[in-house]
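# Examining the three-dimensional arrangement
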Amino acid sequence: MPRLRLFPSSALHPVALACALLAAAPVHAQTVPGSATQVAPGSLKPVVVSGSRSERELEEVPARIDVIEGEALDPTRAQDIRELVRELPNVEVKRAPQRFGAVSGSTGRDGNAGFNIRGLDGNRVLLTVDGIRMPRELNNQVFGAAAFGRDYYDLGLISRVEILRGAASALHGSDGLAGMVAMTTTAPKDLLKEGQTFGGRAGVRADTEDKSAGTGLTLAGIASDRLQWLGSVQVGRARELDNKGDNRSLNSNRTAPNPQKDRSVSALGKIVLTPGAGQTHTFTLEHVDKNTAVEGYTGRSPTVTGVQDLDGTSEMQRTRASWDGRFFLQSAWADTLRATLGYQQSRSREWSREVRTALPTVRERDVRYEEDLWQAVLQAERTRPLGNGWAHTLVYGADVSVAELDNLVTGVAGPAYETYPLQRFPKTRETNSAFFLQSEFVSERWSVIPALRYDRFSLKPQSSPLYQLAPAALSDSALSPKLGLILRPQPHWQVFANAAAGFKAPSPLQLNNFFQNALANYRTLPNPDLKPETSQTLELGARGEHGRLNWLVTAFTGRYKDFIEDNVRVGGTGAPGNPILFQAVNRGRVKLSGVELEGRWTVTPATTLKLAYGRTKGRDTLLNQPLNSVNPAKLVLGVDHRIADWTLGAVLTHALAKDSEDIDRSSTPQQFATPAWTTLDLRATWRITPRTRLSAAIHNLTDRKYWLWSSVQGVAGNLATLDAYTSPGRSLSLALVTDF
């Protein structure tokens, strides 16, 4: 039977009730021009969309949101998503080394795996590009050497990144359990200056960290009063990511990176039509293609017997076509209407080949994952005065998505307990339909912002001869409330609070995971009783602007329940006729809390000091164990100074050691605890002309040897190859960018 779940639990039931009552408040009053939250002309304050589904100044959103745009996306600072968040405390991207086998050992095959926000990662973080959901991560060990991450991006096509910390389900639905990363692709208006009818951007970049080089060209133009266009192509090549390992043996003793070749080609096309009557139609076509070839020395045996050669390749493609329509209505039910329709096709493949001295002498495994998505959103917005200095803005709409998820495992001479081809889960159609509603009651001193979203999702698998079990179907519902408050005691500072609920639906792999080893007498089972993972989060903060000083402080706490754990033993003894049974089950209960500080002080018109600090504590309260996905606290200090056409900068990053008391050693008793580390980065930008800049950066100037905690989880401290997991040493990056 379908279940309706109110998120969060009874502790926040009043929040859901308040949201429903406030959202339904009568607002029958005459129309007023403009909006209570309209950005003033010429304002340089950041404008965000992820916090309210429509454009708002950052100060009008009761949440911590990081905005990365402009020079912060310069290739010397961010060539991929790992570098994008390098200086953000409580946000990190895992990148483990490529050490794998043909059948077993999945370390590092997922590349830049995805974002970790405040101690949670994977599919618990919602990722979007232009509002379209990105493919899911797929890695629970049953694919052997294959692991599919979420790096379906090319930052050369991106003009803006918003990182929303905390539950985002009230507005954006499933997967927004920990937060959201929303990327926006470049538009013609981002490149064309006033009076221009044709322009563009060209750039080249290089980085010694992974011996990468790339070039990109973006052109934009105005064909008529009603038509604008944009085209962009980005091409890149790279080698293996550097580390501090110095053992270059051609076998499993190696700690230096495996030789690797990466290639990427990405393209973006846009047409913007403005036919009049307040309409804007944006048609977008985006394609990202990445592939990797690895010479797996670390998979070779150090003796004359065993594996003598190992090679691997990875391929990742994503193609999206979308339409975004905006209509200026000024009707009784909406001032503006926005409609989005998108289709996205994603393909990932990982292949590996071993040459062995034992029979079979050649072993191959080829794993493919496909995800096709249709998504449609209809959203209306209306603003009305309420009198006595109050105004009301209502944002409401519907969100529907249909995804087809499929996989295939083939190969040559697989393990004796498997017969190729096979599927780890049957082809599954995932359907989600939702209605959302957000009210904003705004006065000079107060903002009261309730929101409510109802989601209904279903997972319907198809029978397949490649899947040996009777597949289970699942349907469920979720009601996600949120209540935000902003108090402005003085015009130059404010206090905000945000109580929110989040949820994440089970994945097809968790529902119908299939793995069987008849020789060892164990197998997995579907679980049609899986429940969504849920969260209750509370965030308190204050931000202000005092002359030359801007500051932000936030404290947060959250409770998460029904975490889905893969491959849990649920029965069987292993005796003949009684195989050991494994299943994905709900059993995790987690508590997370922490603080974040951020400050910017303009000492002089030419000199700016920056500070950022983040710390998170996490614990599995059911098992009374620390949560290993939580990263150590990090402090970032920076300075920028302008001299004529030059901008010089330095960034000092210090990460605390991973405390042994904060490590769950149940699966890895001798888990390596990362020591504290400090790195210094220097950068310089020369504005050669008003539209051309040359940038350079030296990362890890002191050539410090250090480990990121996210890269060593599950790695023992006494491992002889521990240096293989170190981060890059000193590196130099260069970029030349010109606008025309």
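Residues numbered from 1 in each chain as written. Predicted model: local features only at pLDDT ≥ 70, side-chain atom pairs only at ≥ 80, totals over all residues. Heavy atoms only, no water.

## So, the pattern of salt bridges
- Taken as a whole and judged by the stated rule, the model has 49 salt bridges.
- The residue Asp66 makes a salt bridge to Arg165 at a minimum N-O spacing of 2.7 Å. Of the two residues, Asp66 is situated in strand β4 (residues 65–69) and Arg165 in strand β9 (residues 158–165); the sequence distance between them amounts to 99 residues.
- According to the relative accessible area criterion, Asp66 is buried, its value standing at 6%.
- Relative accessible area serves as the criterion here: at 2%, Arg165 is assigned to the buried category.
- Where Glu295 meets Arg300, a salt bridge forms, and the shortest distance between an N and an O atom there is 3.2 Å.
- Of the residues examined, Arg300 reaches a relative accessible area of 17% and is grouped as buried.
- Here the residues in one salt-bridge network are Arg64, Asp66, Arg118, Arg165, Glu539, Glu596 and Glu598, joined through shared partners. (Salt bridge = Lys/Arg side-chain N within 4 Å of Asp/Glu carboxyl O. Helix = DSSP H or I, 4+ residues; strand = E, 2+ residues; numbered from the N terminus. Buried < 20%, exposed > 50% of the residue type's maximum accessible area, 1.4 Å probe, protein only.)

## Remarks on unusual backbone geometry
- Here the bond from Leu359 into Pro360 is cis, since omega is -5°, no more than 30 degrees from zero.
- Relative to the helices and strands, Pro360 is located in the loop between β17 (336–356) and β18 (362–387).
- A cis amide bond, omega 0°, links Tyr420 with the succeeding residue Pro421.
- Mapped onto the elements of the fold, Pro421 is located in the loop between β19 (390–412) and β20 (428–442).
- Even without a glycine there, the phi angle at Arg118 is positive, about 50°.
- Mapped onto the secondary structure, Arg118 falls in the loop between β6 (112–117) and β7 (125–129).

## With respect to the pairing of strand β29 (residues 607–620)
- Relative to β29, strand β28 (residues 580–604) runs antiparallel, the two sharing 14 bridges. Along β29, the bridge assignment pairs Lys591 with Arg619.
- Hairpin connection, β28 to β29: the antiparallel pair is bridged by two residues.
- Where β29 and strand β31 (residues 634–643) come together, eight bridges link them in antiparallel fashion. Across the sheet, Leu611 pairs through a bridge with Leu637, a residue of β31.
- Here β29 pairs with strand β30 (residues 625–626) via two bridges, running antiparallel. Looking at the pairing, Arg619 lines up with Pro626 of β30.
- Counting the residues in the hairpin turn of β29 and β30 gives four residues, including Asn624, whose phi is positive at 55°. (Pairing = 2+ DSSP bridges.)

## Details of a nonpolar patch on the surface
- Together, Val204, Ile643, Trp646, Leu648, Trp686, Ile688, Leu694 and Leu736 line one region of the surface with nonpolar side chains, adding up to about 650 Å² of accessible area.
- Secondary-structure elements contributing two or more residues to the nonpolar patch are β32 (646–655) and β33 (677–689).
- Along the polypeptide, Leu648 turns up in strand β32. (Patch = residues over 30% accessible without salt bridge, like charges linked within 9 Å, V, L, I, M, F, W, Y side chains within 5 Å. Areas by Shrake-Rupley, 256 points an atom, 1.4 Å probe, with all protein chains shown as cover.)

## Overview of the nonpolar core
- Ranked by internal contacts, the top residues of the largest apolar core, which has 31 residues, are Leu84, Phe115, Val161, Ile163, Val181 and Met183.
- Put simply, the parts of the chain that give this core at least two residues each are α2 (81–84), β5 (91–95), β6, β7, β9, β10 (179–185), β27 (549–571) and β28.
- Setting aside residues no more than four positions away along its own chain, Met183 makes contact with Ile81, Leu84, Phe115, Thr128, Val129, Asp130, Tyr153, Leu155, Ile158, Arg160 and Val161.
- One finds Ile132, Leu138, Val367 and Tyr420 within the second-largest nonpolar core, a separate group that totals 17 residues. (Core = buried A, V, L, I, M, F, W, Y, C linked by side-chain atoms within 4.5 Å. Contact = heavy atoms within 4.5 Å.)

## A look at the packing of aromatic side chains
- With the rule as written, the count across this model stands at 13 aromatic pairs.
- An angle of 5° between the planes, with centres 5.6 Å apart, marks the rings of Trp646 and Trp686 as stacked. One end of the pair, Trp646, is in strand β32; the other, Trp686, is in strand β33, and 40 residues separate them in sequence.
- In this structure Trp686 comes out as partly exposed when scored by relative accessible area, which is 33%.
- Three or more aromatic residues joined by ring pairs form one cluster here, namely Tyr417, Phe515, Tyr522 and Phe582.
- Over the ring of Phe436 we find Arg53; its NZ or CZ atom is 4.1 Å from the centre of that ring.
- The positively charged end of Arg124 is found above the aromatic ring belonging to Phe563, 3.9 Å away from the centroid. (Phe/Tyr/Trp six-rings, centres within 6.5 Å; stacked < 30°, edge-to-face > 60°. Lys NZ or Arg CZ within 6 Å of the ring centre and 35° of its normal.)

## Thoughts on the confidence of the model for the chain
- Considering every residue of the chain, the mean pLDDT works out to 90; 93% of them sit at 70 or more.
- Every residue in residues 1–43 is under pLDDT 50, and counting partners more than four places away or in other chains gives 88 contacts. (pLDDT = per-residue confidence, 0-100.)

## A few points about the pairing of strand β15 (residues 279–295)
- In the sheet, strand β14 (residues 260–276) pairs with β15 via 15 bridges, with the strands oriented antiparallel. Bridge pairing links Val265 to Asp289 in β15.
- For β15 and strand β16 (residues 307–328), the ladder comprises 17 bridges, and the chain directions are antiparallel. Across the sheet, residue Val294 finds its bridge partner in β16, namely Gly312.

## Concerning the side chain of Asp175
- Mapped onto the elements, Asp175 comes out in the loop between α3 (169–172) and β10.
- A distance of 3.1 Å separates a polar atom in the side chain of Asp175 from a polar atom in the side chain of Ser174.
- Sequence-distant contacts of Asp175, that is, excluding residues within four places in its chain, are made with Asn123, Arg124, Val125, Leu126, Arg133, Arg136, Phe503 and Lys504. (Polar contact = N/O pair within 3.5 Å; in protein donor to acceptor, adjacent residues only side chain to side chain.)

## Considering the sheet that holds strand β8 (residues 132–133)
- In space, the five strands of this open sheet follow the order β4-β9-β10-β7-β8, with mixed pairing throughout. In this open sheet, the two edge strands, each paired with only one partner strand, are β4 and β8.
- Direction of pairing for β7 relative to β10: parallel, over a ladder of five bridges. In the strand pairing of β10, Thr128 is matched with Ala182.

## Details of the side chain of Gln671
- Note on placement: Gln671 falls in the loop between β32 and β33.
- Among the polar contacts made by the side chain of Gln671, one reaches the main-chain amide nitrogen of Gly714 at a distance of 2.7 Å.

## Thoughts on a positive patch on the surface
- On the surface, Lys211, Arg237, Arg239, Arg248, Lys261 and Arg263 cluster together to form a positively charged patch.
- Here Arg237 shows up in strand β13 (residues 227–239). (Lys, Arg positive; Asp, Glu negative; His and termini not counted. Charge placed at Lys NZ, Arg CZ, Asp CG, Glu CD.)

## Remarks on the environment of Gly176
- By the element assignment, Gly176 lies in the loop between α3 and β10.
- A relative accessible area of 0% means that Gly176 is categorised as buried.
- C-alpha separation for the pair Gly176 and Leu127, spaced 49 residues apart in sequence, amounts to 8.5 Å.
- Residue contacts for Gly176: discarding those within four places in its chain leaves Arg124, Leu126, Gly166, Ala167, Ala168, Ser169 and Phe503.

## Things to note about the environment of Gln228
- Within the element layout of this structure, Gln228 appears in strand β13.
- By relative accessible area, Gln228 is classed as partly exposed at 26%.
- As for Gln228 and Ile271, which are separated by 43 residues in sequence, their C-alpha atoms are 5.9 Å apart.
- Filtering out sequence-adjacent residues up to four positions away, Gln228 remains in contact with Pro188, Lys189, Gly221, Ile222, Lys270, Ile271 and Val272.

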